[in-house]
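Overview (structure and organization)
The chain contents come next:
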Amino acid sequence: MAGYGRTDSEWEELVHAGRGFLVERAKLGKLTSYTELNVTLARRTGCRPFECPAAGRRRQAAADNRAHLRTMAEGERYAAPRQGGFSPRRP
């Protein structure tokens, strides 16, 4: 099972720790995330965390979405809906 720059013994340790963590979460009835699992595995095993290049893209997309929503919210302050579109609000 060696791969991704990890030895067989590292994988065994990661699988054991990962299964234990997921069982703990299930017994508590709580959800987890890949990020939480990754951090927990690194902490419990001493192995380096997994690198997820997609995580950076997700963070950037979330920031872009927040900026877009902020722009939309600010626009609502200055425009009122009317049939067929928006018109400027009067103070």
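Scope of this entry: the structure provided in the associated data block. Being a predicted model, the structure only gives us computed values, none of them experimental. (Residues numbered from 1 in each chain as written. Predicted model: local features only at pLDDT ≥ 70, side-chain atom pairs only at ≥ 80, totals over all residues. Heavy atoms only, no water.)

Here's the deal with the pattern of salt bridges
Put simply, the rule reads: Within this document, salt bridges are pairs made up of a side-chain nitrogen of Lys or Arg and a carboxyl oxygen of Asp or Glu, the two lying within 4 Å of each other. The secondary structure listing takes helices from DSSP runs of H or I that are at least 4 residues long and strands from runs of E that are at least 2 residues long, numbered from the N terminus. Buried, partly exposed and exposed residues are distinguished by accessible area as a fraction of the type maximum, computed with a 1.4 Å probe on protein chains only: under 20%, between the cut-offs, and over 50%, respectively.
For the structure shown, the criterion picks out two salt bridges. Salt-bridge contacts for Arg25 lead to Glu36; the nearest nitrogen and oxygen are separated by 3.9 Å. Pair noted here: Arg25 is in helix α1 (residues 8-28) and Glu36 is in helix α2 (residues 34-45), with a separation of 11 residues, a long-range link. Take Arg25: its relative accessible area is 17%, and that puts it in the buried class.

A short note on the environment of Arg6
Defined as follows: The contact criterion used is simple: two residues touch if any of their non-hydrogen atoms lie within 4.5 Å. Any N or O atom pair separated by 3.5 Å or less is treated as a polar contact, with the protein-specific requirement of one donor-capable and one acceptor-capable atom, and with residues adjacent in sequence counted only for side-chain atom pairs.
Tracing the sequence through the fold places Arg6 in the segment before α1. When the C-alpha atoms of Arg6 and Arg48 are compared, they prove to be 9.5 Å apart, with 42 residues separating the residues in sequence. Dropping the residues within four chain positions of it, Arg6 is found in contact with Trp11, Leu14, Cys47, Arg48, Pro49 and Phe50. Within polar-contact distance, the side chain of Arg6 engages the backbone oxygen of Arg48 at 3.0 Å.

Some thoughts on the layout of surface pockets
What counts here: Computed over the protein atoms alone on a 1 Å grid, cavities are sets of points where a 1.4 Å probe fits but cannot get out and pockets are open sets with protein on both sides within 12 Å along at least five of seven lines; a residue lines them when it has an atom within 4 Å of a point. Grid points are joined across faces, edges and corners, and a volume is the space filled by probe spheres set on the points.
The calculated volume of the largest pocket comes to roughly 370 Å³. Along the wall of the largest pocket there are 16 residues; nearest its centre are Tyr34, Leu37, Asn38, Leu41 and Phe50. When contributions to the lining of the largest pocket are tallied by element, the ones reaching two or more residues are α1, α2 and α3 (53-78).

All quantities given are derived from atomic positions and should not be read as evidence of function.
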